[in-house]
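Descriptive structure summary
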Amino acid sequence: MKKNKEYKKSEIGKPKHVTYVKALTFIIPALIVLYLVNVNFLIPREFNYFYDIGEKDYLSPASRISVSKDSVNLTSNLVYFNIPVPRNSETLDIQVKFKGPETLVKLGARDREEWHYFWKTIYNPSLEFLEGKEISSGIYRINDALSDNPNEFLNQEGIVIGSTIPLSPISTELNYTESKFTINTSLRGSHVFYLYLKDSLRLNLKKQDLNWYNGSDELTATLSNSSGDLIQAITFPDDGIVAIDKSRARIIEGIMIQQNLTEGVYKLEFSDFDGLIRQFDFNTGKVVVVDKVYLADSDIFPVEQKPSKIYTSFSRNSELSAKTWHTQGLQELKIENKILRIDEITNASTIVLAKGTYEISSEKNDIIIEVPSYFSFTQESYFEPFINKIVSVNNDPEWIESNLDYLVLEPVSIRKEDGWNVASVSFSLKDKYLKNNELSMVFNIPEMTEESEFQISVDWINTTIYKPSIFGGER
Amino acid sequence: MKHLFKKHNAEIVNHFFQVLLVTYLALLLLEQVFPGVVSIYLNLNWLLIVVIIAGVLDVFSEHEIRENKKPGRKDYLFIMALGILGFLIIKYKTQELGWLSWIISIIAGILIILLSILVLEDENDEENTKSKLKK
């Protein structure tokens, strides 16, 4: 009580304006808090960030770009930039002004903690030949004999659909029998597998780093269901050698286990890394690889050279292409009773094959084989995961016409401006991976390799991020 | 030393500085816990400049001599609350470390409490010694 009286006495002795001014100072934090609550939760907002590429170092790494007067040239594939994204943002609209040769340009938004991007094509010169073939936004009918109903095309059995976006195809149903299945064919680079599983996945894997390039060589495996929903991601570690060292590295063994799986088709994706996968042990006998396989049991790698056999099957006339990066990979590829000669490096050799099943044999390996279908490593392990084939798209109009029945591309708008292309594309931000409130984006120009001499110039990038209020509402 | 502000004006400057400093620290903490909540809408560096200016003015202003009070129950409760808050923030920020996160945050929380008690009681002891010497 005494203390209270003293306090009151001292306050009474003060001029009124002192008390008022002291009270007024509390308005500053109150206003700041009100402002932050308002902008964070109550009002929908659009954030615009304009990146004038020639002005600042927005793009990285520096080794993959060159700076010219008002723009930056992408000289190598996979050039990154970051965009600040406020919490609870919904969509990202992005415009890119660029020019360069007629080549496929994709933009990726990171959607997982490990290296994984959700891709959208922002420029595809093949689109020009597709004029008049569009049956719905982004859906093109290539085979005129088939239905032009956009709601039916996924239900048609035995057709081949090329797609740049994830689709939800109808899975096939098999009689699952658990069996130990080993693949001891070495593979290099990224590969996508489809597996038929029941109850669980058990994968034992052996990896061997090549260490041909600087940096660590982690291998990431992601398991998702047939609709593309992630179930598990696992990283197999580097061998500890981060500098260039071409001597034979030790083999690292890893294991991936996933329980409680309902019977059906699952997708297992292996990331690209500077190394080889030497062996897989699966608990299922139904295992196929999608589209592309890089056979690596060649003496150019630190492994024993041995012949490889793989199998594929076509439901229509289809093109098989084979390519090697090294002279050691020049060879004759045996496809049943046919021979495909690979007599130059870098350029793919192709052969058109009729409907049917094929055994492909390679003596020397070091070869990348691509088909609009699936591969298996034994005849028995081959299966069709879906009632129709969903394959990735080759940026070649002739290839599209001779291999696909339908083509599905994400809608993209592109306009010409003083000899430049201005492409606009939208990303949903709901399932993207943000680090420190920044979204990692990447330019992907698949045809741009270390050997290619062309470049893409980027003038500016304009981004608009939309954040709704907590009460929702339309944009 | 000649003071820039005296008496009531000095009191206002001191109060202004305290309010701004606490606001700045609270926003900084909020930004650390929820990145982007503040920085996307408000540049905290501008607020820091204002805090520094207010701080400099306060340093060169007259300060009233404070009456020494014995730390009471409220002070200890406040310290406990700060320790728990510190523990929670550090746990949240280090949760990716797994079990190590528990150890780090518990030790940090205990340190906050012990050091605060130490400072509080040490200040009190100093004041008592001074007043005894004066007598």
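First, a word on what this report is: a plain description of the structure on this page. (Residues numbered from 1 in each chain as written. Chains lettered and ligands numbered in written order. Predicted model: local features only at pLDDT ≥ 70, side-chain atom pairs only at ≥ 80, totals over all residues.)

A separate point is the overall build of chain A. Assigned secondary structure in chain A consists of 4 helices and 32 strands. In chain A, buried positions account for 32% of the 475 residues. (Helix = DSSP H or I, 4+ residues; strand = E, 2+ residues; numbered from the N terminus. Buried ≥ 20, exposed ≤ 12 C-beta atoms within 10 Å, placed from the backbone.)

Helix and strand counts for chain B come out as 4 helices and 0 strands. Along chain B, helices (α) and strands (β) appear in the sequence α-α-α-α when read from the amino end. The buried share of chain B, taken over its 135 residues, is 12%. Taking as baseline every contact in chain B between residues at least 6 positions apart, the subset at least 24 positions apart corresponds to 64%. (Contact = placed C-beta atoms within 7 Å.)

Residue and element names in this part refer to chain A. Residue proline 61 is reached from serine 60 by a cis peptide bond, and omega for that bond is 0°. Although it is not a glycine, aspartate 366 sits at a positive phi angle of roughly 50°. Examined against the element boundaries, aspartate 366 turns out to sit in the loop between β24 (356-362) and β25 (367-376).

In this section: the interface of chain A and chain B. Contact with chain A, which involves 18 residues of that partner, is made by 14 residues of chain B. Mapped by element, the contributors of at least two residues to the side of chain A that touches chain B are α2 (16-25) and α3 (27-42) of chain A. Per-element accounting of the side of chain A that touches chain B gives the leading share, 6 residues, to α3 of chain A. Of the residues that constitute the side of chain A that touches chain B, the class distribution is 11 nonpolar, 4 polar and 3 charged. (Nonpolar A, V, L, I, M, F, W, Y, C, P; charged D, E, K, R; others polar.)

As a further point, take the nonpolar core. All names here are of chain A. Leu195 and Val293 are the most contacted members of the largest nonpolar core, which totals 46 residues. Of all elements in the fold, only β13 (191-209), β14 (219-225), β16 (251-270), β17 (275-284), β18 (287-295), β20 (318-323), β24 and β25 reach the threshold of two or more residues within this core. Counting residues per element, this core draws most heavily on β13, which supplies 8 residues. Residue contacts for valine 293: discarding those within four places in its chain leaves Leu187, His191, Ile310, Ile369 and Phe375. (Core = buried A, V, L, I, M, F, W, Y, C linked by C-beta atoms within 7 Å.)

A separate point is the sheet that holds strand β8 (residues 134-136) of chain A. All names here are of chain A. Spatially, β8-β9-β27-β10-β26 is the arrangement adopted by the 5 strands of the open sheet, whose pairing is mixed. The open sheet has two edge strands, β8 and β26 (389-391), and neither has a second partner. Averaged over all neighbouring strand pairs, the angle between strand axes comes to 30°, with direction disregarded. Where strand β10 (residues 160-163) lies against β26, 3 bridges are found, and the strand directions are parallel. What sits directly across from glycine 162, in β26, is valine 391. (Pairing = 2+ DSSP bridges. Axes fitted to C-alpha atoms, helices over the stretch in contact; angles between N-to-C directions.)

Turning our eyes to something else, we now look at the packing of helix α1 (residues 7-33) of chain B against helix α2 (residues 44-59) of chain B. Packed helix pairs are specified by the crossing angle of their axes together with the interaxial distance, meaning the distance between the axes. All names here are of chain B. The geometry of α1 relative to α2 is characterised by a closest axis approach of 9 Å and an angle of 150° between their N-to-C directions. With respect to α2, the axis of α1 lies roughly antiparallel. Two packed elements cross with a definite hand, and for α1 against α2 that hand is left-handed. Within the contact between the two elements, α1 uses Val13, Asn14, Phe16, Phe17, Leu20, Leu21, Tyr24, Leu27, Leu28 and Glu31 and α2 uses Leu44, Leu47, Leu48, Val50, Val51, Ala54, Gly55, Leu57 and Asp58. Of the residues contributing to the contact of α1 with α2, the split by class is 15 nonpolar, 2 polar and 2 charged. (Parallel < 35°, antiparallel > 145°, perpendicular 65-115°, else oblique. Left-handed = near helix turned anticlockwise from the far one by under 90°.)

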